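Coordinate inspection notes
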Amino acid sequence: MNDTIIKVSNIVTRFGTNVIHDGINLSVRQGEIYGLLGGSGSGKSTLLKQMIMLLRPESGEITLLGHNLMSISRNDAASLRHYWGVLFQGGALYSSLTVAENVGIKLREYTELPENMIEELVQMKIKMVGLPPTAATLYPAELSGGMIKRAALARALAMDPQLLFLDEPTSGLDPIGAEAFDNLLIELRDILGLTVVMVTHDLDSIWTIVDRFAVLGEKKVIAEGTLKEVLHASHPIVQQFFGGSRGQIRSRDGK
């Protein structure tokens, strides 16, 4: 787990006159669950979108799987996108497609696999994320919040990615559902050898499943490391996150 798979160096991001990032630096190691933590407006989701080439920073470098995303060719970028899956906030399932159709959409678009094999792979991914086979024929409007998250995760895993990007994966879930989803992530990471990057506000996820994380604040990374390492940071924003009542409850639980 010492091999760096993503390196972010001196990233500057502006929207008009609004500076979001002013020299962001962090690194993600292969095989870890890495968190991006910070207050609203700190640029967590923006940074994730830059990692998956949906947004481009003003300056700096992002190296992912050995490719510099600032200078990558269009063909290489198209190929690189096949190495990751994304679970957007809220799931972002296509409402007019069934779960099975959502999960299989990339397989049909980017591979030449026969239809019967695609259907088998889709059923395997649906089972992998803990959904019952009957969920395959349901539409997003017929799913609970937890089922939507799992269906979106199955779609993200459809192409057997090396990297998994998650934007607030447990938002909107009750504590039991959030814990079950976190446990599923650990299981999938261990079984599939995934590297996971997740934007989260969920302190339970930080305490229980994240290997390392970065805290964004004041337009920079103000702390990075394991939970133990970050807790030793003296920055006021770090103390605000983990010194509040919720953080203290987790600390007293000894987790």
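A brief look at the structure comes next. (Residues numbered from 1 in each chain as written. Predicted model: local features only at pLDDT ≥ 70, side-chain atom pairs only at ≥ 80, totals over all residues. Heavy atoms only, no water.)

1. A word on the overall build of the protein
Looking only at helices and strands, one finds 10 helices and 10 strands in the protein. Taken over C-alpha atoms, the radius of gyration comes to 18 Å for the protein, in line with the 18 Å a tight globule of 255 residues would show. Taking the principal axes of the C-alpha coordinates as reference, the protein spans close to 55 × 45 × 35 Å. A buried classification covers 49% of the 255 residues belonging to the protein. Looking at the protein alone, contacts between residues at least 24 apart form 64% of all its contacts between residues at least 6 apart. Of the side chains in the protein, 24 bear a positive and 28 a negative charge, and the two mean positions are spaced by 5 Å. (Helix = DSSP H or I, 4+ residues; strand = E, 2+ residues; numbered from the N terminus. Rg over C-alpha atoms; globule rule 2.2 N^0.38 Å. Buried < 20%, exposed > 50% of the residue type's maximum accessible area, 1.4 Å probe, protein only. Contact = heavy atoms within 4.5 Å. Lys, Arg positive; Asp, Glu negative; His and termini not counted. Charge placed at Lys NZ, Arg CZ, Asp CG, Glu CD.)

2. Points about the sheet that holds strand β7 (residues 163–167)
The strand order across the open sheet built from six strands is β6-β7-β8-β3-β9-β10, with neighbouring strands paired in mixed fashion. One side of each edge strand has no neighbouring strand; the edge strands of this open sheet are β6 (84–87) and β10 (220–225). Here the strands of the sheet are splayed against their neighbours by 15° on average, with no regard to which way each runs. When strand β3 (residues 33–38) meets strand β9 (residues 212–217), the two strands line up parallel, connected through five bridges. Counted as the bridge partner of Y34 is R212 from β9. Against the sheet, helix α5 (residues 145–156) contacts β6 and β7, and its axis sits at roughly 165° relative to β6. (Pairing = 2+ DSSP bridges. Axes fitted to C-alpha atoms, helices over the stretch in contact; angles between N-to-C directions.)

3. Considering the layout of surface pockets
By volume, the largest pocket is sized at about 480 Å³. As for the largest pocket, its lining consists of 17 residues, of which W84, V86, F88, K106 and Y110 are closest to the centre. Broken down by element, the residue count for the lining of the largest pocket peaks at four residues, all from helix α3 (residues 99–110). When its residues are assigned to classes, the lining of the largest pocket shows 11 nonpolar, two polar and four charged. (1 Å grid on protein atoms, 1.4 Å probe; cavity = no way out; pocket = protein on both sides within 12 Å on 5 of 7 lines; lining within 4 Å. Points joined across faces, edges and corners; volume = space filled by probe spheres on them. Nonpolar A, V, L, I, M, F, W, Y, C, P; charged D, E, K, R; others polar.)

4. Overview of the pattern of salt bridges
Applying the stated criterion to the full structure yields seven salt bridges. Notably, a salt bridge pairs E115 with R108, separated by 2.5 Å at the nearest N-O pair. Accessibility expressed as a relative area gives 39% for E115, which makes it partly exposed. Note on R108: relative accessible area 38%, which makes it partly exposed. Measuring nitrogen to oxygen at the nearest pair gives 2.7 Å for the salt bridge that ties R189 to D190. Note on R189: relative accessible area 13%, which makes it buried. Looking at D190, the relative accessible area reads 53%, which means it is exposed. Salt bridges sharing partners connect three or more residues here, namely E32, R212 and E224. (Salt bridge = Lys/Arg side-chain N within 4 Å of Asp/Glu carboxyl O.)

5. Overview of the nonpolar core
Core analysis: the largest hydrophobic core is formed by 50 residues, its most contacted members being L153, L164, F213, V215 and F242. Excluding residues within four positions of it along the chain, V215 makes contact with L37, K220, V221, I222, A223, V230, I237, V238 and F241. Ranked by size, the runner-up nonpolar core spans 28 residues in total, among them A77, V86, F165 and V199. (Core = buried A, V, L, I, M, F, W, Y, C linked by side-chain atoms within 4.5 Å.)

6. With respect to empty space enclosed by the protein
Considering all chains together, one arrives at one cavity of 30 Å³ or more under this definition. Its boundaries defined by the atoms lining it, the largest cavity holds a volume of some 30 Å³. If you trace the largest cavity, you find it lined by R81, H82, W84, G85, K106, R155, A156, A158 and M159. Mapped by element, the contributors of at least two residues to the lining of the largest cavity are β6 and α5. Split by residue class, the lining of the largest cavity holds four nonpolar, two polar and three charged.

7. Structural notes on the environment of L166
In this structure, L166 sits in strand β7. Here L166 falls in the buried class, since its relative accessible area comes to 0%. Spatially, the C-alpha atoms of L166 and L55 are 16 Å apart, while their sequence positions differ by 111 residues.

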